[in-house]
Amino acid sequence: ESDFSETESPVKWSLRERAAMVDHSLTHKPGLSPDCDACLIGKTRDKRKMKGAFSREPQDFGDLGNMDHVHMKNWYHQSGVGGHPDAFNYLDTGTLCKYCVPVNSLDSGDTIEAMNDVKGTSEIKLIYCDGHTSLKSACKFLGIPRETSQPGVHETNAVMERCNGDILDGSRCSMYRAGTPESFWSWASPCFCHLDNIRERIMKRKETTVDENGVSTTVTNEVWTSPWELRHKEKFTGTAFPFGCKV
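All figures in this text were calculated on a predicted structure; none of them were measured in a lab.

Here we come to the packing of helix H6 (residues 158-178) against helix H7 (residues 185-197). It is at 8 Å that the axes of H6 and H7 come closest, and there the two elements cross at 110 degrees. Taken together, H6 and H7 sit at an angle that is classed as roughly perpendicular. The hand of the H6/H7 crossing is right-handed. Contacts from Asp166, Ile167, Gly170, Ser171, Ser174 and Met175 of H6 reach H7 at Trp185, Ala188, Ser189, Phe192, Cys193 and Asp196. Of the residues assigned to the contact of H6 with H7, the class counts are six nonpolar, four polar and two charged.

Mapping Phe61 onto the fold places it in the loop between helix H2 (37-42) and strand E1 (65-70). Placed 33 residues apart in sequence, Phe61 and Gly94 show a C-alpha to C-alpha distance of 5.8 Å.

Chain-level pLDDT for the protein chain is 85 on average; 85% of the residues reach the 70-or-more range. When the criterion is pLDDT under 50, residues 1-7 qualifies, and its contacts beyond four places in sequence or with other chains add up to nine contacts.

Every disulfide links exactly two cysteines, by a covalent bond between their sulfur atoms. Using the criterion set out here, one finds zero disulfides in the structure. Of the cysteine sulfurs around Cys139, a residue in no disulfide, the closest is that of Cys129, at 5.0 Å. Look at Cys139 and you get buried, because its relative accessible area is 2%.

Reading the values: the criteria
- Residues numbered from 1 in each chain as written.
- Predicted model: local features only at pLDDT ≥ 70, side-chain atom pairs only at ≥ 80, totals over all residues.
- Heavy atoms only, no water.
- Axes fitted to C-alpha atoms, helices over the stretch in contact; angles between N-to-C directions.
- Helix = DSSP H or I, 4+ residues; strand = E, 2+ residues; numbered from the N terminus.
- Parallel < 35°, antiparallel > 145°, perpendicular 65-115°, else oblique.
- Left-handed = near helix turned anticlockwise from the far one by under 90°.
- Contact = heavy atoms within 4.5 Å.
- Nonpolar A, V, L, I, M, F, W, Y, C, P; charged D, E, K, R; others polar.
- pLDDT = per-residue confidence, 0-100.
- Disulfide = S-S within 2.5 Å.
- Buried < 20%, exposed > 50% of the residue type's maximum accessible area, 1.4 Å probe, protein only.

Right, dumping it as structure tokens:
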């Protein structure tokens, strides 16, 4: 029995329309036919992840942190100076401070040590990361609440993935300019992160004021500052040198 019998639908299909629908059912092309249920279901995709969809607005260091492991040996095809094959990258969303800590492995012990190096005496209130076992164990050991990105969907962890790419680009440029081999990434990556943290730029900050009637007003201002100053509440007073510069 034909799938397009007139008894199943009140629509009177012409021979030309029937031939077109049979031809469409072979490959379900071209396009997305509104009359084909198979196309409407089979060609469904996830909702697009749009820029600016991130709704949370952390302000201070530790309000929201992102962290990830990077197989640097896959990027540079060799371990870094000191035998470090991997790196622990951290980005604080509120201040935009970024850190890269070379590690010997991806286990919980090295992850906990790297997290302590990053946070120091500061408090981290929330971590957003993927579901790697060592990341979960480190957060549990340090007593930090954790939110997990959706497995297999890189767009849900795009902020940290972009930070990883920024650290990779910066370390490559630094090593090329200094004329060092790729194994020096374990020095170039932390150096790039520090130099980027102390670089002053225009950053958007929210300020809340309360008038005499107790009504609070929040405004967004553009201020000339640096991630370092936002975290430590003071300007960096040292001298910055490019990676590989002879002092």
